[in-house]
Amino acid sequence: MTEQHEFDKDYWERHWHQTGHDRPGAMSTSTAHPYLAREAGGLVPGTALDAGCGAGAEAIWLATRGWQVTAVDIAPVALARAAERAAESGLSDRVRWVEADLTAWAPETRFDLVTTHYAHPAMPQLAFYDRVAGWVAPGGTLLIVGHLHISGATEQGHGHGHHQPDEATVTLADITAGLDSATWEISTAEEHRRTMPGREVPLHDVVVRAVRRR
């Protein structure tokens, strides 16, 4: 029987504590996901939301490029290290760190960019993507990077070195089907297989970028 994951605050606190224990430098030296640079590098900086920011690599990348970032995560230990990294880089005034449960929290405004990288809250994955999509301002960009669901695959890997549970994976078709063409113009809809240094198991990713029409 497949193990079920709750992806609640306790789960993510354990995850980040373990990351800090098993890979002491991971939260201090991790770099932004490569899809962020590719998909957001040409955008005009404005306001951005990083939903499920973890240790802050993506939020800090955006801040260094002129974005005013709101970075939200449920795990205090990850946010504390993220805030330290931002301070060390002189970016404290460009990132607002928010400890919150993304299944209940909602912003007071919408953003020019909403991005989420491998975030798994305690709600169905596609419902989460639909929720964060509502926080994109008209003319703004939604960037989703997730774990691709591969039926029957044994090599499917977790972004942090573990087998990825099915409930945290998605198909490209499911994501794009949730973006109504009357509201969204999809500019990127891709599946990728990539390897990382020190990992035997490749990552299978799904990347979707869309602009909100209205």
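Calculation rules
Along every chain, residues carry numbers that run from 1 in the direction the sequence is written. The predicted origin of the model limits local features to residues at a pLDDT of at least 70 and limits the giving and counting of side-chain atom pairs to 80 or more, whereas totals for whole chains, interfaces and linings rest on all residues. Note: side-chain values were computed over all heavy atoms of the structure, leaving out hydrogens and water. The salt bridge definition used is simple: a Lys or Arg side-chain nitrogen within 4 Å of an Asp or Glu carboxyl oxygen. Using a 1.4 Å probe on the protein chains alone, a residue whose accessible area is under 20% of its type maximum counts as buried, one over 50% counts as exposed, and one in between counts as partly exposed. Segments assigned H or I by DSSP are reported as helices when at least four residues long, segments assigned E as strands when at least two residues long, and all are numbered from the N terminus. We call two residues in contact when some of their heavy atoms are within 4.5 Å. Summary of the metric used: pLDDT quantifies the predictor's per-residue confidence within the range 0 to 100.

Enquirer: So what's going on with the pattern of salt bridges? Which residues, and what values?
Expert: All told, the structure shown has 6 salt bridges when counted by the stated rule. We note a salt bridge from Glu39 to Arg38, for which the minimum N-O separation is 2.7 Å. Residue Glu39 is classed as buried on the basis of its relative accessible area, which comes to 5%. Accessibility expressed as a relative area gives 42% for Arg38, which makes it partly exposed. Taking the shortest distance from any N to any O, the salt bridge between Asp205 and Arg194 comes out at 2.6 Å.

Enquirer: Describe the side chain of Thr116, listing the residues and the values that go with them.
Expert: Locating Thr116 in the fold gives a position in strand E4 (residues 111–117). Judged by its relative accessible area of 1%, Thr116 is buried. The contacts of Thr116, once residues within four sequence positions are left out, are Ala51, Phe128, Tyr129, Leu143, Ile144 and Val145.

Enquirer: If you had to explain the confidence of the model for the chain to someone new, which residues and values would you point to?
Expert: In the predicted model, the chain carries a mean pLDDT of 86, and 83% of its residues have values of at least 70. Counted against residues more than four places away or in other chains, residues 153–162, with its pLDDT under 50, gives 33 contacts.

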